[in-house]
Amino acid sequence: MPQYFGKLPTTGTSWSTIGTLKTIERHDRGIYGDCENSRLAISILAPNLVRVRWAPNGELMPRRSWAVTLDDAEWSVVPFQVRETDAAVEIETEQMRVYIHRQGCRIECFDKSGRPFAHDTGMGMAGRMGAIAAWKRIEADEHFYGFGERTKLLDKLSEVQTNWTVDALDYSSFTDEMYQAIPFFIALRPELAYGIFFNTTFWSQFDIGAEQPGVYRMETRGDELDYYIIYGPEPAQILSTYTQLTGRMQLPPKWSLGYHQCRWSYESEEVVRELAQEFRNRRIPCDVIHLDIDYMKGYRVFTWSPKRFPDPAQLVNDLAQDGFKTVTIIDPGVKYEPEADYHVFDQGIENDYFIRKAEGELFHGYVWPDKAVFPDFLRPEVRQWWGDLHKSLTEVGVAGIWNDMNEPAIDDRPFGDPGNKISFPLDAPQGSPEERTTHAETHNLYGQSMAQSACEGLKRLRSTERSFVLTRSGFAGIQRWSSVWMGDNQSLWEYLEMSLPMLCNMGLSGVAFVGSDIGGFAGNATAELFARWMQVGMLYPLMRGHSAMSTARHEPWVFGDRVEAICREYINLRYQLLPYIYTLFWEAATTGAPILRPLLYHFPNDPKTYKLYDQVLLGSSLMAAPIYRPGVEYRAVYLPEGTWYDWWTGERYEGATHILAHAPLERMPLYVRAGAIIPMQPVMQYTDERLIDELTLRIWPGEGEFRLYEDDGHTFEYQTGTFATTTYRVDSQGQQTVVEIPAREGNWTPPSRETIVQLVGVGEQRFVDDSTARQLTF
């Protein structure tokens, strides 16, 4: 009984279902339907993309300026057929069929082979006071992925996922609401996959068969039901369409793919200089040093501490001379400080940029600078102002911004005092006067809008150089503005384990540039944990070590010589793989593909991959089976169909099969698919330490192809065509393997270099790369 768990039974307001579909009106992008007193709209935006909208009051909502989706009018018109009968309306495209029952407006979808998906069930669509929902059938052997930032394992079947951004401090496997809210998922079963994007910024929730097995419900506290159905049939096609809908990541500077070192806090200029010197003296590659809140004067954003960082321009310049980029943290809370000549507060008050309560009173809460006020980032002029404030950082050479505490995270009394987490009142007005709404609608967008402001501001202030942006909070489409990390994790083995499905589900939610704090943020890592985490961290798209105040230091050398050597080896490997990884970033920026991928992404018809959360693919070729428990030196590894090679030994395996991998502390099991082509560069201490004068192609026998992407790595010239691609192909027939290299394409010329083609286990050939076509025979 519920009361055994401290809850009394409740009875909700009854649901009112949709009426009968009486008439339809066809237009060039779909149909409108009159359902007694309500309005239904079905839009055909692409052969595999259908938008469903239902307005219970009969009036479809106007498009918001902050909408995260591409406007319907911006999609190319696609052909479709409409057929009407007394019982139903049927819409058919090149790839799918949508069947709408007139009675109850039930929606059913089918692929061209007649396989059903996204079928309404139960009440179909219904509303009640303060909520609107849809119910759909879970098909046999269907599994669910994505949902943004989520704890637990990979498959989300039988779970409830709430979309509402919070400061998820001390999150665990039991945590539901997280820093990010991305109401999108992929449903997968053999031969068929589809995605659902729930287009609502209000509080929303997915119940994936937890309350009622075999049925999933999506519910929002908005006034309209609005969702997109994206047919696959595989995850790659779904993500391509989803990121066309919500936007794709921008190509970051190449240096941001290197190793980042962070701590709360490197509290003074002296400490930062010592840190940088240690990396260079110990020959451990590092590109980025992050400065946490203690670089500020009294935690006032856009200031520098005159005592601890007396000459930030000299410090940042000296770090740059030694190959380090500087990234500084920024929080949304602005210290409430009248008559103190604090320019950020004064300008915000003068222009009425801060959020107010419904009755007009200035809202305040408590964060690092104590009493603070908060900008309304939904307003374009506020985003412009905030973005321009970054000049105090960029003018001294800061190259990236780390947006934190932007869910927002607020207390009702000063930090350190016992208090409660609060947020803006749900009725607080937000947005421009012409489309004023309340925080209930915009809460999930607060962190995203702050990240957008930083991204756009840095583009104005550093107009010729790509910048790095990182955020803790975001919504669907956050990939357009920022990279994301998984917030305040802990130095425990279970958080290392959990990082893999968390990052994979983020990638399956369209957010490719993601990472988790290596070593854990809160608590003290053991030497063994840190070594294993650094091995896994080499795979993270964002490779950053971070730790909290009052914990032991977590730099690679603090755990002794053995662990330092392991860290050096895997960071070195990260830098060697940069040509491969940078190409994966280009793929993400142009197609929406994740960089770190669960095996199901490339093997969607293999049910053995559906729950496999502890093996990952970096791109399509390189698979890792990390160790995430103490004292473990052997583990089971699943090799899907095809031929696989051990990265370290070259041993060959035939899948599909399970093997037992030996993994002493120095080794993370790594495997490569037959026909893989992985470009590698020499180890460098930072990404642009010198020109790449040697490119090694590690090739494994088989049949395969890889397209290498290259540009200057730091400007925006690639956007106007200044880049190059080189396609490499391998084909093995009997005892002979042929490597074919067509002429390089594009308007960018790499520096003079020697190319070394290594056919693993066979031999190598070398040539001076002059961009012309070549064919090598082994």
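Residues numbered from 1 in each chain as written. Predicted model: local features only at pLDDT ≥ 70, side-chain atom pairs only at ≥ 80, totals over all residues. Heavy atoms only, no water.

Visitor: Would you take a moment to explain the overall build of the protein chain for this structure?
Guide: If you tally the helices and strands in the protein chain, you get 13 helices and 51 strands. Here the C-alpha atoms of the protein chain give a radius of gyration of 27 Å, agreeing with the 28 Å that 2.2 N^0.38 yields for 778 residues. Referenced to the eigenvectors of the C-alpha coordinate spread, the extents of the protein chain come out at roughly 75 × 75 × 55 Å. Restricting to contacts in the protein chain with at least 6 residues of sequence separation, those with at least 24 account for 67%. For the protein chain, the accessible area works out to roughly 28400 Å², and carbon and sulfur atoms hold 47% of it. Looking at the protein chain, you have 74 positive and 105 negative side-chain charges, and the mean spots of the two groups are 1 Å apart. (Helix = DSSP H or I, 4+ residues; strand = E, 2+ residues; numbered from the N terminus. Rg over C-alpha atoms; globule rule 2.2 N^0.38 Å. Contact = heavy atoms within 4.5 Å. Areas by Shrake-Rupley, 256 points an atom, 1.4 Å probe, with all protein chains shown as cover. Lys, Arg positive; Asp, Glu negative; His and termini not counted. Charge placed at Lys NZ, Arg CZ, Asp CG, Glu CD.)

Visitor: What am I meant to see in helix α2 (residues 269–282) here?
Guide: Since the α-helix packs 3.6 residues into each turn, any two residues three or four apart lie on the same face. With 14 residues, α2 ought to run about 20 Å at 1.5 Å a step, and its terminal C-alpha atoms sit 20 Å apart, in line with that. For α2, the complete set of buried residues consists of E269, V271, V272, L275, A276, F279 and R280. Directly beyond the C-terminal end of α2, a positive phi value near 55 degrees is found at R283. (Expected span 1.5 Å × (residues − 1). Buried < 20%, exposed > 50% of the residue type's maximum accessible area, 1.4 Å probe, protein only.)

Visitor: Which parts of the structure should I look at to understand the nonpolar core?
Guide: General note: in soluble globular proteins, nonpolar side chains tend to be found buried as a group. Counting 191 residues, the largest nonpolar core has W386 and W647 as its most contacted members. In contact with W647, not counting residues within four places along its chain, are L573, L577, L622, L670, Y671, V672, I678, M680, R698 and W700. In this structure, I91, A134, Y194 and I229 belong to the second largest nonpolar core, which totals 43 residues. (Core = buried A, V, L, I, M, F, W, Y, C linked by side-chain atoms within 4.5 Å.)

Visitor: How should the packing of aromatic side chains be read in this particular structure?
Guide: On inspection of all chains with the given rule, the structure shows 49 aromatic pairs. One aromatic cluster is present, built from ring pairs that chain together F302, Y336, F345, Y353, F354, F363, F374, F377, W385, W386, F424 and Y446. The ring centre of W203 lies 3.8 Å from the NZ or CZ of R221, which sits over that ring. Against the face of Y582 rests K254, its NZ or CZ located 4.7 Å from the ring centre. (Phe/Tyr/Trp six-rings, centres within 6.5 Å; stacked < 30°, edge-to-face > 60°. Lys NZ or Arg CZ within 6 Å of the ring centre and 35° of its normal.)

Visitor: I'm lost on the pattern of salt bridges in this one. Help?
Guide: Pairing of side chains with opposite charge becomes possible as their charged atoms draw close. Under the criterion given, the structure shown has 58 salt bridges. Between R39 and D34 there is a salt bridge, with its nearest N and O atoms 3.0 Å apart. Accessibility expressed as a relative area gives 34% for D34, which makes it partly exposed. The partner of D711 in a salt bridge is R466, and the shortest N-O contact between them spans 3.2 Å. Placement of the pair is D711 in the loop between β45 (704–710) and β46 (724–733) and R466 in the loop between α8 (446–461) and β32 (468–471), with a sequence separation of 245 residues. For the pair shown, D711 and R466 are each scored as buried. Beyond isolated ion pairs, a larger network of salt bridges with shared partners links D167, D404, E407, D411, K421, R472 and D488. (Salt bridge = Lys/Arg side-chain N within 4 Å of Asp/Glu carboxyl O.)

Visitor: I would appreciate a short explanation of unusual backbone geometry in the present structure.
Guide: Where the residue is not glycine, phi is negative for most of them; where a peptide bond is considered, it is trans in most cases. Look at the link from G232 to P233: it is a cis peptide, with omega at 10 degrees. Mapped onto the fold, P233 is located in the loop between β20 (225–231) and α1 (235–246). A cis amide bond, omega 5 degrees, links E407 with the succeeding residue P408. Relative to the helices and strands, P408 is located in the loop between β27 (400–403) and β28 (410–411). A positive phi angle, near 50 degrees, is found at C105, a position not held by glycine. Here E339, not a glycine, exhibits a phi torsion of approximately 55 degrees, which is positive. Note on placement: E339 falls in the loop between β24 (334–335) and α4 (343–350).

Visitor: Honestly, α8 in this entry has me stumped. Any pointers?
Guide: The end-to-end C-alpha distance of α8, which contains 16 residues, comes to 23 Å, matching closely the 22 Å that a straight helix rising 1.5 Å per residue would cover. Across the 16 residues that make up α8, a large majority, 12, are buried. All buried positions along α8 are accounted for by Y446, G447, Q448, S449, M450, A451, Q452, S453, A454, C455, G457 and L458.

Visitor: Is there a simple way to think about the sheet that holds strand β19 (residues 215–220) in this case?
Guide: The pairing of strands in a sheet happens through backbone hydrogen bonds and is either parallel or antiparallel. Strand order across the open sheet formed by six strands is β1-β11-β12-β19-β18-β14, with antiparallel pairing between neighbours. The open sheet terminates on both sides in strands that have one partner only, identified here as β1 (16–17) and β14 (160–163). (Pairing = 2+ DSSP bridges.)

Visitor: Looking at this structure, I do not really get the pairing of strand β47 (residues 736–741). What am I missing?
Guide: Alternating positions in β47 separate cleanly, T737, V739 and I741 being buried on one face and Q736, V738 and E740 remaining unburied on the opposite face. Alignment of β46 against β47, held across five bridges, turns out to be antiparallel. Bridge assignment links V730 to a residue of β47, and that residue is V739. In textbook terms, the turn of a hairpin is the stretch between consecutive antiparallel strands, and for β46 and β47 this stretch comprises two residues, one of which, G734, has a positive phi near 65 degrees.

Visitor: Help me understand the packing of helix α10 (residues 527–537) against helix α11 (residues 561–576), please; the structure alone is not making it clear to me.
Guide: Think of two packed helices as two axes; the pair is described by the angle between the axes and how far apart they sit. In contact at an axis separation of 9 Å, α10 and α11 are set at 5 degrees when each is read in the N-to-C sense. The angle between α10 and α11 places the two elements in the roughly parallel class. Here α10 contributes A527, F530, A531, M534, Q535 and G537 to the contact with α11, which in turn contributes V563, I566, C567, Y570, I571 and R574. Residues that form the contact of α10 with α11 fall into these classes: nine nonpolar, two polar and one charged. (Axes fitted to C-alpha atoms, helices over the stretch in contact; angles between N-to-C directions. Parallel < 35°, antiparallel > 145°, perpendicular 65-115°, else oblique. Nonpolar A, V, L, I, M, F, W, Y, C, P; charged D, E, K, R; others polar.)

Visitor: For this particular structure, what's the right way to read the sheet that holds strand β5 (residues 49–55)?
Guide: Spatially, the eight strands line up as an open sheet ordered β2-β3-β4-β5-β20-β17-β16-β13, and their pairing is antiparallel. Edge positions in the open sheet fall to β2 (23–27) and β13 (143–146), since each of these has one partner strand only. Averaged over all pairs of adjacent strands, the angle between their axes in this sheet comes to 20 degrees, without regard to strand direction. Two strands pair when backbone bridges link them, and strand β3 (residues 30–35) and strand β4 (residues 38–46) are joined in this way by six bridges, in the antiparallel orientation. Considered in β4, the bridge of C35 is made with S38. Relative to the sheet, α1 contacts β5, β16 (184–189), β17 (192–198) and β20, its axis offset from that of β17 by approximately 20 degrees.

Visitor: Explain the side chain of S256 to me, please; I cannot follow it from the model alone.
Guide: Within the element layout of this structure, S256 appears in the loop between α1 and β21 (259–261). At 2.7 Å, the side chain of S256 and the backbone oxygen of P253 are in polar contact. (Polar contact = N/O pair within 3.5 Å; in protein donor to acceptor, adjacent residues only side chain to side chain.)

Visitor: Please explain the pairing of strand β7 (residues 88–92) as it appears in this structure.
Guide: Every regular strand shows the same layout, with side chains that alternate between the two sheet faces. Of all five residues making up β7, five are buried, and the element is well covered by its neighbours. Side chains A88, E90 and E92 of β7 all project onto a buried face; the interleaved residues V89 and I91 project onto the opposite face, where all are buried too. As judged from the four bridges shared by strand β6 (residues 81–84) and β7, these two strands associate in the antiparallel manner. Considered in β7, the bridge of V82 is made with I91. Two successive antiparallel strands, β6 and β7, enclose a turn made up of three residues. Pairing between β7 and strand β8 (residues 96–101): five bridges, direction antiparallel. Residue pairing for β8: E92 is matched across the bridge by R97. Adjacent in sequence and paired antiparallel, β7 and β8 are bridged by three residues.

None of this, on its own, says anything about what the molecule does.
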